[in-house]
Amino acid sequence: VLKQWRSQTRRKEEENQFSIKYITENMEILQKIVSPIEEFLYKEIVKQGLQEYCEPQYHIGTKRVDFAFPAARLVVECDGKEYHFTDKIQIENDQKRDRYLARKGWRVLHFDGLMIRRKIDVCMEKIKNNLKPYIKRKELNSTTKPNKNT
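The paragraphs below set out a description of the structure included in this document. All figures in this text were calculated on a predicted structure; none of them were measured in a lab. (Residues numbered from 1 in each chain as written. Predicted model: local features only at pLDDT ≥ 70, side-chain atom pairs only at ≥ 80, totals over all residues. Heavy atoms only, no water.)

1. Digging into the overall build of the protein
A tally of helices and strands in the protein yields seven helices and four strands. In the protein, the succession of helices and strands from N to C terminus is α-α-α-β-β-β-α-α-β-α-α. Total accessible area computed for the protein in this model is approximately 9900 Å², and 50% of it derives from carbon and sulfur atoms. (Helix = DSSP H or I, 4+ residues; strand = E, 2+ residues; numbered from the N terminus. Areas by Shrake-Rupley, 256 points an atom, 1.4 Å probe, with all protein chains shown as cover.)

As structure tokens, then:
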């Protein structure tokens, strides 16, 4: 029991050290992020060492996107269920926006909040797979296989 408690305590200390370092190193960027699911995804981007390629709240023409990876011309959008999936007008606006970004030469990935919270590994796998042709780094070589159903 004592070993288990020490292990849990050590793990919590490591998580706290990461959180403190993450917040202090990313304070300016975190102020730009506007939703909890964006923050959750960005934290994982940092954990995987991809923050140098990522621009939160990036402007492309007249549009602002949640995350852009300019070197790969990749946009990642974090979609809240209540806003992006239930409002017919918003769905149409998102589709128009995606077409606009495509005309500008950008590819768009959409992840809903549940996907980001529950299957962050799948989200990151898709992001890394889209970055591979443009960014040559060992962080992009992952060991997990993407889920083909999502």
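2. As for the pattern of salt bridges
Working definition: two side chains of opposite charge can pair if their charged atoms are close together. Counted by the stated rule, this structure contains one salt bridge. Glu 77 is the salt-bridge partner of Arg 97, the closest N and O atoms lying 3.0 Å from each other. Taken as a pair, Arg 97 in helix H5 (residues 88–103) and Glu 77 in strand S3 (residues 74–79) lie far apart in primary sequence, 20 residues in all. The pair Arg 97 / Glu 77 is uniform in exposure class, with both members buried. (Salt bridge = Lys/Arg side-chain N within 4 Å of Asp/Glu carboxyl O. Buried < 20%, exposed > 50% of the residue type's maximum accessible area, 1.4 Å probe, protein only.)

3. Comments concerning a positive patch on the surface
A cluster of basic residues, Lys 96, Arg 99, Arg 103 and Lys 104, forms a positive patch on the protein surface. Looking at the secondary structure, you find Arg 99 in helix H5. Classification of Arg 99 as partly exposed rests on a relative accessible area of 47%. (Patch = residues over 30% accessible without salt bridge, like charges linked within 9 Å, V, L, I, M, F, W, Y side chains within 5 Å. Lys, Arg positive; Asp, Glu negative; His and termini not counted. Charge placed at Lys NZ, Arg CZ, Asp CG, Glu CD.)

4. Thoughts on the packing of aromatic side chains
The full count for this structure, using the stated rule, is two aromatic pairs. Both rings, one in Tyr 42 and one in Phe 67, keep their centres 6.1 Å apart while their planes meet at 5°; by these two values the pair is stacked. Of the two residues, Tyr 42 sits in helix H3 (residues 36–47) while Phe 67 sits in strand S2 (residues 63–69), which places them 25 residues apart along the sequence. The pair formed by Tyr 42 and Phe 67 is uniform in burial state, with each residue classed as buried. Geometrically, the ring pair formed by Tyr 58 and Trp 106 is tilted, given 5.9 Å between the ring centres and 50° between the ring planes. Taken as a pair, Tyr 58 in strand S1 (residues 55–60) and Trp 106 in the loop between H5 and strand S4 (107–112) lie far apart in primary sequence, 48 residues in all. (Phe/Tyr/Trp six-rings, centres within 6.5 Å; stacked < 30°, edge-to-face > 60°.)

5. Let's talk about the sheet that holds S3
Spatially, S1-S2-S3-S4 is the arrangement adopted by the four strands of the open sheet, whose pairing is mixed. Of all the strands in the sheet, the pair left with one neighbour each is S1 and S4. Neighbour to neighbour, the strand axes of the sheet diverge by 45° on average, direction disregarded. Helix-sheet contacts for helix H7 (residues 120–131) involve S2, S3 and S4, and the interaxial angle to S4 is about 175°. (Pairing = 2+ DSSP bridges. Axes fitted to C-alpha atoms, helices over the stretch in contact; angles between N-to-C directions. Contact = heavy atoms within 4.5 Å.)

6. Notes on the packing of H3 against H7
Think of two packed helices as two axes; the pair is described by the angle between the axes and how far apart they sit. As a packed pair, H3 and H7 sit with axes 11 Å apart at the nearest point and diverge in direction by 65°. Like other packed secondary-structure pairs, H3 and H7 cross with a definite hand, here right-handed. Residues Phe 40, Leu 41, Glu 44 and Ile 45 of H3 form the contact with H7, whose own contacting residues are Ile 120, Met 124 and Ile 127. Its residues assigned to classes, the contact of H3 with H7 shows six nonpolar, no polar and one charged. (Left-handed = near helix turned anticlockwise from the far one by under 90°. Nonpolar A, V, L, I, M, F, W, Y, C, P; charged D, E, K, R; others polar.)

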